[in-house]
Amino acid sequence: MSGPHLLSLEDALERILDGVLPLRAESVPLAEALARVLSEDVVARLTLPPWDNSAMDGYAVRAQDVAQAKPESLVTLRVIGEVAAGHEPAVRIEPGSAVRVLTGAIIPPGADTVVAVEDTDAAQGVAELPATVAIRVSAPGGQHIRRAGSDIREGDALLPAGKRIGPASIALLAAAGHARVNVHRRPRVAVVATGDELTPIGEPLGPAAIPDSNSESIAAQVSAAGAKPVRLGIAGDDLEAVRERLLEGILAADVLIVTGGVSVGAHDVVKEVFSDIGSLDLWRVAIQPGKPLAYGSAPRPDGGHCLLFGLPGNPVSSFVTFELFVRPVLRRLRGEVADMGRLTVQATLVEPVTTSAARRAFVRVRLEPDVAAPGRYLAHLAGGQGSYVLSALAAADGLAIIPEGAADAPAGTHVEVIRLDAEIS
Ligand code: AMP
Ligand code: MG
């Protein structure tokens, strides 16, 4: 079963990603832009700050007027007005005068520095404007002044194409005048489960039935990868039923994921259906779990094509193959630059692991910081490593990679671990 016909993970991934391009761009309001990926460089529409403004509540003055101010010899200035944020200055500072300013207020003409209210005799938080203010300290020119354009200038590059929009990007885009942005369309992903034993979750189970957990986990993985799942339910182990469901699925989807029925069993019809409705481009990869992975594509009536993934039915296998193969494709379609987007960490196995030497293994592990080696982790087996053992998958922080050729990895082996809970962008 594990002869030379098995593709390596790299070869399979390269073949799968070859020709996968980001989806077309669309304009979305900023409120819908979170976690989307910019399809073009964005340039600032506004200069930030738009004008010199005060960083403090205080008094705008001329630095030379307060040069002699000391705690034991205060300098008293006439207060000739006030500027609050959102109001244009109505007065100009003349020698010997001061204007009360609030944080964010435009610096009035004639002033070149700001003295914080704490460094004056003025009461804080009082609405009434004093007639005079006594200054306790000198102030260098430009103190507490946020200069026009010191953050961003109109026309400056703001964010590059390929940038995933997080909350900080939203802040920058909003401040720089962008109510909408152009981002790549979110992939639509049809999800089909196959198997006569499957029952939709929540429905009563017959004597030989199990809940269809794959539809739920795959849809969740699709959402977590920033794409939109479209659940198409369950098809029985019957070529015609699977074919019909897949033909329905490809109509509106960029990617179709079918779980189960891709192995070598008598009822494993998925590969045949791929060939029938499009092409089966790849089958079986040298990984454990997940060997029977199938990949292909099918033309859509609208002239496009739908990428087809046949994931093994065992729930851990479908989960792991989604991580390794589908997630990178969805990221590429979304416009992300890094393919896998998962953080990996270095760890030491606490227990020995036995795997198939012919295949690269992805072992479900729990991680614990290694106090003896800062930055490294100790990897504990998260539970049984059978491809049906969901309790271990749910307990795992990551997948420890055991390379091909290393059938037995003793305790103490150094491994790389793909963190399932942490992303890079
Ligand atoms: P298959 O790949 O169809 O041979 O299925 C392998 C194993 O995974 C069998 O034990 C199936 O019952 C189980 N299985 C297949 N599909 C699902 C599913 N959607 N949800 C839960 N278990 C499944
Ligand atoms: Mg099956």
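Let me sum up the structure you'll find in this document. (Residues numbered from 1 in each chain as written. Chains lettered and ligands numbered in written order. Predicted model: local features only at pLDDT ≥ 70, side-chain atom pairs only at ≥ 80, totals over all residues. Heavy atoms only, no water.)

### Considering the packing of helix α4 (residues 239-250) against helix α5 (residues 270-277)
Axis separation between α4 and α5 bottoms out at 10 Å; the angle between their running directions is 50 degrees. Compared by their axis directions, α4 and α5 come out oblique. Handedness of the crossing formed by α4 with α5: right-handed. Here Leu239, Val242, Arg243, Leu246 and Leu247 of α4 lie close against α5, whose contacting residues are Val270, Glu272, Val273, Phe274, Asp276 and Ile277. Among the residues forming the contact of α4 with α5, the class breakdown is 8 nonpolar, no polar and 3 charged. (Axes fitted to C-alpha atoms, helices over the stretch in contact; angles between N-to-C directions. Helix = DSSP H or I, 4+ residues; strand = E, 2+ residues; numbered from the N terminus. Parallel < 35°, antiparallel > 145°, perpendicular 65-115°, else oblique. Left-handed = near helix turned anticlockwise from the far one by under 90°. Contact = heavy atoms within 4.5 Å. Nonpolar A, V, L, I, M, F, W, Y, C, P; charged D, E, K, R; others polar.)

### Examining the site of ligand 1
Taken together, 15 residues lie around ligand 1, and Glu197, Asp212, Gly261, Gly313 and Asn314 are the ones closest in. In the model, an oxygen atom of ligand 1 is placed 3.1 Å from a nitrogen or oxygen of the Asn314 main chain. Those elements that place two or more of their residues in the shell around ligand 1 are β12 (188-194), β14 (210-211) and α3 (213-224). Of the residues that constitute the shell around ligand 1, the class distribution is 5 nonpolar, 8 polar and 2 charged. (Near = heavy atom within 4 Å. Polar contact = N/O pair within 3.5 Å; in protein donor to acceptor, adjacent residues only side chain to side chain.)

### Concerning the sheet that holds strand β19 (residues 294-299)
Spatially, 6 strands are ordered β15-β12-β16-β20-β19-β17 in an open sheet, and the strand pairing comes out mixed. Of all the strands in the sheet, the pair left with one neighbour each is β15 (228-235) and β17 (279-283). Between one strand axis and the next, the sheet turns by 20 degrees as a mean value, whatever way the strands run. Examined bridge by bridge, β19 and strand β20 (residues 305-311) share 6 bridges and lie antiparallel to one another. Of the residues in β20, the one forming a bridge with Ser297 is Leu307. (Pairing = 2+ DSSP bridges.)

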